[in-house]
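# Chains, contacts and geometry: an overview
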Amino acid sequence: KQWYQRRVRGNVRRVMQGKEPTADYNGYTSCPLTVGDDRLVLAEFGYDGKILETFPLNQAKPMWMNYWLKKEFMPPLYWHGLIRGTWRGPGTIRKALSLGMAS
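None of these values were measured; they are calculated from a predicted model.

### Some remarks on a nonpolar patch on the surface
Residues Tyr-78, Trp-79, Leu-82 and Ile-83 make up a contiguous nonpolar surface patch of roughly 410 Å² in combined accessible area. Assignment of secondary structure puts Trp-79 in helix H2 (residues 64-82).

Below, the structure is given as structure tokens:
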């Protein structure tokens, strides 16, 4: 089964038993905003508005790399990872790129 289905099923079961759900989701959202020819700002944040940038760069600065990510990398990631339930979000990438400097 896909990881998110197990999480939802477990939470529904707990609520039906009158218990509090245990699995949570931080609301991670990625908004690629095209701001010019081949330039993009990648806004990443959670439910509470906390910035959740994946890359150790100033993602508020328009960059061609972000445009390339949106055009070439994100569509296959979405269709073959997120929709199929194999992509668990950018947490692992974020930790690897932080070089141990962030939690």
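### With respect to the environment of Leu-42
Note on placement: Leu-42 falls in strand E2 (residues 39-45). The exposure class assigned to Leu-42 is buried, which follows from its relative accessible area of 4%. For the pair Leu-42 and Cys-31, spaced 11 residues apart in sequence, the C-alpha separation works out to 5.9 Å. The residues contacting Leu-42, other than those within four sequence positions of it, are Ser-30, Cys-31, Pro-32, Phe-55, Gln-59, Asn-66 and Met-74.

### Some points on the pairing of strand E1 (residues 29-36)
Alignment of E1 against E2, held across seven bridges, turns out to be antiparallel. In the strand pairing of E2, Pro-32 is matched with Leu-42. In textbook terms, the turn of a hairpin is the stretch between consecutive antiparallel strands, and for E1 and E2 this stretch comprises two residues, one of which, Asp-38, has a positive phi near 55°.

So, how was this worked out
- Counting of residues starts from 1 at the beginning of each chain's written sequence and follows it residue by residue.
- Where local features are concerned, this predicted model is filtered to residues with pLDDT of at least 70; where side-chain atom pairs are given and counted, the filter is 80 or more; whole-chain, interface and lining totals use all residues.
- The basis for every side-chain value is the complete set of non-hydrogen atoms in the structure, without hydrogens or water.
- The residues that make up patches have over 30% relative accessible area and no salt bridge, and they are joined within 9 Å when like-charged or within 5 Å when they are Val, Leu, Ile, Met, Phe, Trp or Tyr.
- Per-residue and other accessible areas follow the Shrake-Rupley method at a 1.4 Å probe size, with only the shown protein chains counted as cover for residues.
- For this analysis, a salt bridge means a side-chain nitrogen from Lys or Arg found within 4 Å of a carboxyl oxygen belonging to Asp or Glu.
- Here a helix means four or more residues in a row that DSSP labels H or I, a strand means two or more in a row labelled E, and each is numbered from the N terminus.
- The classification of residues rests on relative accessible area computed with a 1.4 Å probe and restricted to protein chains. Under 20% of the type maximum is buried, over 50% is exposed, and intermediate values are partly exposed.
- Only heavy atoms matter for contacts: two residues are in contact if any of them lie within 4.5 Å across the pair.
- A strand pair is defined by DSSP finding two or more bridges across the two strands.

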